[in-house]
Amino acid sequence: MDYHEDDKRFRREEYEGNLLEAGLELERDEGTKIHGVGFVKIHAPWNVLCREAEFLKLKMPTKKLYHINEPRGLLKKISSVLQKITDPIQPKVAEHRPQTTKRLSYPFSREKQHLFDLSDKDSFFDSKTRSTIVYEILKRTTCTKAKYSMGQGEGRKKDSALLNKRRKCSKYGITSLLANGVYSAAYPLHDGDYEGENVDFNDRKLLYQEWASYGVFYKYQPIDLVRKYFGEKIGLYFAWLGVYTQMLIPASVVGIIVFLYGCATVDENIPSMEMCDHRQNITMCPLCDKTCSYWKMSSACATARASHLFDNPATVFFSVFMALWAATFMEHWKRKQMRLRYHWDLTGFEEEEDHPRAEYEARVLEKSLRKESKNKEKRRHIPEESTNKWRQRVKTAMAGVKLTDKVKLTWRDRFPAYFTNLVSIVFMIAVTFAIVLGVIIYRISTAAALAMNSSPSVRSNIRVTVTATAVIINLVVIILLDEVYGCIARWLTKIEVPKTEKSFEERLIFKAFLLKFVNSYTPIFYVAFFKGRFVGRPGDYVYIFRSFRMEECAPGGCLMELCIQLSIIMLGKQLIQNNLFEIGIPKMKKFIRYLRLRRQSPPDHDPYVKRRQRYEEDYTLEPFAGLTPEYMEMIIQFGFVTLFVASFPLAPLFALLNNIIEIRLDAKKFVTELRRPVAVRAKDIGIWYNILRGVGKLAVIINAFVISFTSDFIPRLVYLYMYSENGTMHGFVNHTLSSFNVSDFQNGTAPNDPLDLGYEVQICRYKDYREPPWSEHKYDISKDFWAVLAARLAFVIVFQNLVMFMSDFVDWVIPDIPKDISQQVHKEKVLMVELFMREEQGKQQLLDTWMEKDRKKDEPCNSHGPKACLDSPEYPGGAL
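Visitor: Is there a simple way to explain the layout of surface pockets in this structure?
Guide: Over the atoms, a rolling probe the size of a water molecule traces out where space has been left empty. A volume near 1,400 Å³ is recorded for the second largest pocket. When contributions to the lining of the second largest pocket are tallied by element, the ones reaching two or more residues are α1 (2-21), β2 (39-43), α5 (127-140) and α21 (614-619). Looking at the lining of the second largest pocket element by element, the count peaks at eight residues for α1. Each residue belonging to the lining of the second largest pocket can be placed in one class, and the counts come to 21 nonpolar, eight polar and 12 charged.

Here's what the structure looks like:
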């Protein structure tokens, strides 16, 4: 342990020495109140900030001010009216006020410092920019000393060789030093405390009051201040979340209208009225073998009436509306993103290739050492000819250069990891399917067990009880597997050894999204597209493991059950996983960390002991773990809102209510619970935009199939226009039911109590399009089935192509870049050219003036000769 601690100490000394050489100033504080932890405070002087700003090509504001184009005429009046209306919901933040002027920005250059407003050097680079610059130096500074005097002996030599390898792979500074435990943390400091009576006013306190408080939930977010404090990447996330939440308002309003339409027309719905009519006296076939008996269709009256709330003509309109809503949302976000890019001076910004990760460097080093050892073995076995000694030395030297500089990981090096990824992902998807199958068996067996209950109330509510309990089991399994799959996705990404952090993040996002998508939506896909499709018919049912009969949909269809499944899973994930976990787990971790630090720190009873410093307070906060979990939960929610919206029109409303809380919850977490993240520049939300577009396209296809195959919309249209005698829906229920002669039951499958209804049943009904028992081809699929299937497939094709065309039309009509922003960007370019032309003209005039002065000085010399010039007082001692 001492040996490794000494090694870490030497590496810290070397690294900090290199930081001093890079121009940073270090201040050590070993006597902190946190036991066993020493702090190194890093300061960047002005010359270092200027140098790094030039290297990073940071756009900084110049002295040049220009006016932003304002709307004129009617648009100006409308904007002023809207500004007055929305003034109460605007945050009281200076950065959020509308600006009429803007400073021209230009990549910082030390040679052109006169262009920039340097009147206040302390505030020219804000805290976010300074932290970015310092962290860039920390990542770039190397720690590669070859040897340390660690003792003698063979064991020491082996350990020293191992450590030297590790040091070589610690080539890229702070990331590898943190990974190897040389430092425990590296973070920028918060501006100060966010609450208290004697706290100086700072940006953190302002964010807490105007952004991270639940009392301001109705206000806009101060996005510019968020970007100023946390950086562009986090600012873009909260801007995207705000735009998504705003766009949910019209979707929620239309969803409520569709739901109210279903409520208003439920008493006029003829199919549900026929199902509830006791005079129809329709006897249905048993729902399970032996234990279940015959039942009256009128007993499913409540389910049929509830189904109409979500299965009505308005849901088709709502599905089309939501597909166009998704396309409009994406276009609106692209325009908002371009507007932010202009205001944040990110136009023309291109992300440079990041430094290689420490793990990648370690694998490259391992591969190069392996090649080097193989080359040594070859040279040992091949006798070296004297005539080729010089050539051999050149080859050895070139090989050494290739080993150190040109070695890369190829697909062959990563093949075991890729194979492990493929097998693991297929296995985990299979586990998800197996769990869904287990829940199906639970539903079937529970329904059969409850059917034997002597209580009439229990038997009448079998379907509701089984559905509710099965959905709760699904919800618990989904929440647990989400956490497990998140950890497995990270491990699978690590063994791939991506080169850069960006590549690592994108691969992690893809795996985590794939696994969580399958985990969250598989139970819903089962109810929507598989339940009741492969049950067979009375007398010839399909069985799982030859024991469990496949479950059927209710007489009103599976859409109501799909609605229950979707609503419970969506609300459960939002309440438990997103909110309770996000509030409870960070507070629990913070409390555990506080107890651990309190136990480690010696008790201090001195009343004059110094107060904890800012860096000590921030050390006790939770480290920032990235934005992937935040985006992931919103993307999964976006899937719930769009993929199956035909079955649950209230999904946008529940998502809106959740997001109003989610914004303030995330804001409070960033301001109060987390260490301040290192500011990262970004021009967009990255791979998440492509995932959103993919989910939006998939939503069109899924909603087409839900309307066509899960709901009764198409069978009703077919009946209305092909089979109805009077042009109404009277007789539709009877048309969808087939007949079965109870004498055709297989042995051992008939009900144990055939007289449960009080009379002997000879013909029972079941939902399907089949020939009656008195037909020549009894129980064969009828022509009606093929007519309905053709209509369903035709609807899918028409709906999908029509909505896709409309979405692409919206995409084409709405320009990606707002017109005013494109004009402003062009104006900036013109002003920048004018500024440099004026500067060049000034330089030329100054040069001409100097030349004119020199010419005038030379005129006396030319008229009186060179001797007069040498003796003149302007050139004492004859010095020209």
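Visitor: Help me understand the pattern of salt bridges, please; the structure alone is not making it clear to me.
Guide: Opposite charge on two side chains permits pairing when their charged atoms draw close. Taken as a whole and assessed by the stated rule, the structure comprises 42 salt bridges. Its salt-bridge partner being K41, residue E27 comes within 3.2 Å of it at the nearest N-O pair. With a gap of 14 residues between them, E27 in strand β1 (residues 25-29) and K41 in strand β2 connect regions that are remote in the sequence. Taking the relative accessible area as the measure of exposure, K41 reaches 22% and is therefore partly exposed. With a shortest N-O distance of 3.1 Å, D618 and R614 are connected by a salt bridge. Placement of both D618 and R614 in helix α21 is noted, with a separation of four residues, approximately one turn of the helix. Take D618 and R614: they sit in the same class, and that class is buried.

Visitor: Just to check I follow, could you spell out the side chain of K334 for this structure?
Guide: On the secondary structure map, K334 appears in helix α13 (residues 313-343). With relative accessibility at 16%, the residue K334 sits in the buried group. What K334 contacts, discounting residues up to four positions off in sequence, is Y689, D811 and D816.

Visitor: What is the right way to read the packing of helix α8 (residues 203-210) against helix α23 (residues 651-673) from this model?
Guide: The description of two helices packed together rests on the angle between their axes and the distance between the axes. One way to put it is that α8 packs onto α23 with a least axis distance of 10 Å and a crossing angle of 160°. Taken together, the axes of α8 and α23 lie roughly antiparallel to each other. Crossing of α8 against α23: the hand is left-handed. Judged by residue contacts, R204, L207, Y208 and E210 of α8 engage R664, K668, V671 and T672 from α23. Class assignment for the residues of the contact of α8 with α23 results in three nonpolar, one polar and four charged.

Visitor: What should I look at first to understand the packing of aromatic side chains in this one?
Guide: Two descriptors summarise a pair of aromatic rings, namely the distance from one centre to the other and the angle between the planes of the rings. As enumerated under the stated definition, the model contains 52 aromatic pairs in all. Relative to Y631, the ring of W240 lies with its centre 5.7 Å away and its plane at 50°, an arrangement referred to as tilted. Residue W240 is located in helix α10 (residues 232-265), and its partner Y631 is located in helix α22 (residues 628-642); the two are separated by 391 residues in the primary sequence. Residue class for W240 comes out buried when judged on its relative accessible area of 1%. Measuring from centroid to centroid gives 5.6 Å for Y244 and F329, while their planes differ by 45°, and the two rings are tilted.

Visitor: Teacher, can you tell me more about the state of the cysteines here?
Guide: Covalent bonding between the sulfur atoms of two cysteines defines a disulfide. Scanning the model with the defined rule gives three disulfides in all. Here C285 engages in a disulfide with C764; their sulfurs sit 2.0 Å apart. Handedness here is read from the sign of the S-S torsion; for C285 and C764, about 85°, the answer is right-handed. Of this pair, C285 sits in the loop between β5 (283-284) and β6 (295-296) while C764 sits in strand β12 (residues 763-767); the two residues are 479 residues apart in sequence, bridging distant segments of the chain.

Visitor: Honestly, the confidence of the model for the chain in this entry has me stumped. Any pointers?
Guide: Detailed reading of the predicted coordinates is not advisable wherever pLDDT is low. On average, residues of the chain carry a pLDDT of 81, and 87% of them reach 70 or more. Looking at the elements of the chain, mean pLDDT is at its lowest for helix α6 (residues 154-169), recorded as 42, and at its highest for α10, recorded as 93. Scored below 50 in pLDDT, residues 146-170 makes 37 contacts in the model with residues more than four places away or belonging to other chains. pLDDT under 50 marks residues 870-880. Its contacts with residues more than four places away, or in other chains, come to six contacts.

Visitor: Looking at this model, I keep getting lost on the environment of A300. Mind explaining?
Guide: Considering the arrangement of structural elements, one finds A300 in the loop between β6 and α12 (301-310). Its relative accessible area of 10% is what places A300 among the buried residues. Separated by 254 residues in sequence, A300 and A554 have C-alpha atoms that sit 7.8 Å apart.

Visitor: Would you explain a nonpolar patch on the surface in this entry?
Guide: A contiguous nonpolar surface patch, about 610 Å² in accessible area, is contributed by L74, L75, I78, V81, L82 and I85. The residue L75 is located in helix α3 (residues 74-86) in this model. Given a relative accessible area of 57%, L75 falls into the exposed group.

Visitor: I tried to follow the nonpolar core on my own but got confused; where do I start?
Guide: The nonpolar side chains of a soluble globular protein tend to be buried, and buried together. Counting residues in hydrophobic clusters, the biggest one holds 127 residues, and the most contacted among them are F230, W240, Y244, W325, F644 and I685. With near-sequence residues (within four places) excluded, W325 lies in contact with Y244, M247, L248, A251, F638, V641 and T642. Formed by 38 residues, the second largest nonpolar core is a distinct cluster that contains I68, L104, I174 and V182.

Visitor: Can you help me understand helix α2 (residues 46-55) in this one?
Guide: The α-helix advances 3.6 residues per turn, and as a result positions three or four apart in sequence lie on the same side. Listed as buried for α2 are V48, L49, C50, E52 and A53. Looking at the packing, one finds that the buried side of α2 touches α5. Just downstream of α2 lies K57, where phi reads positive at about 55°.

Visitor: Just to check I follow, could you spell out the packing of α10 against α23 for this structure?
Guide: Where α10 contacts α23, the axes come no closer than 7 Å and their chain directions differ by 160°. On the basis of their axis angle, the class for α10 and α23 is roughly antiparallel. In this structure, α10 crosses over α23, and the sense of that crossing is left-handed. Contacts from I234, Y237, F238, L241, G242, Y244, T245, L248, I249, A251, S252 and I256 of α10 reach α23 at P652, L653, A655, L656, N659, I660, I663, D666, A667 and F670. Among the residues forming the contact of α10 with α23, the class breakdown is 17 nonpolar, four polar and one charged.

Visitor: For this particular structure, what's the right way to read the side chain of D712?
Guide: Mapped onto the fold, D712 is located in the loop between α24 (687-710) and α25 (713-723). Of the polar contacts made by the side chain of D712, one reaches the side chain of K767; its length is 3.2 Å.

Visitor: Please explain the environment of D191 as it appears in this structure.
Guide: Considering the arrangement of structural elements, one finds D191 in the loop between α7 (174-179) and α8. Classification of D191 by relative accessible area gives partly exposed; the value is 31%. Spatially, the C-alpha atoms of D191 and K205 are 8.5 Å apart, while their sequence positions differ by 14 residues. For D191, the side chain forms a polar contact with the side chain of R676, separated by 3.1 Å.

Cut-off values and rules
Residues numbered from 1 in each chain as written. Predicted model: local features only at pLDDT ≥ 70, side-chain atom pairs only at ≥ 80, totals over all residues. Heavy atoms only, no water. 1 Å grid on protein atoms, 1.4 Å probe; cavity = no way out; pocket = protein on both sides within 12 Å on 5 of 7 lines; lining within 4 Å. Points joined across faces, edges and corners; volume = space filled by probe spheres on them. Helix = DSSP H or I, 4+ residues; strand = E, 2+ residues; numbered from the N terminus. Nonpolar A, V, L, I, M, F, W, Y, C, P; charged D, E, K, R; others polar. Salt bridge = Lys/Arg side-chain N within 4 Å of Asp/Glu carboxyl O. Buried < 20%, exposed > 50% of the residue type's maximum accessible area, 1.4 Å probe, protein only. Contact = heavy atoms within 4.5 Å. Axes fitted to C-alpha atoms, helices over the stretch in contact; angles between N-to-C directions. Parallel < 35°, antiparallel > 145°, perpendicular 65-115°, else oblique. Left-handed = near helix turned anticlockwise from the far one by under 90°. Phe/Tyr/Trp six-rings, centres within 6.5 Å; stacked < 30°, edge-to-face > 60°. Disulfide = S-S within 2.5 Å. pLDDT = per-residue confidence, 0-100. Patch = residues over 30% accessible without salt bridge, like charges linked within 9 Å, V, L, I, M, F, W, Y side chains within 5 Å. Areas by Shrake-Rupley, 256 points an atom, 1.4 Å probe, with all protein chains shown as cover. Core = buried A, V, L, I, M, F, W, Y, C linked by side-chain atoms within 4.5 Å. Polar contact = N/O pair within 3.5 Å; in protein donor to acceptor, adjacent residues only side chain to side chain.

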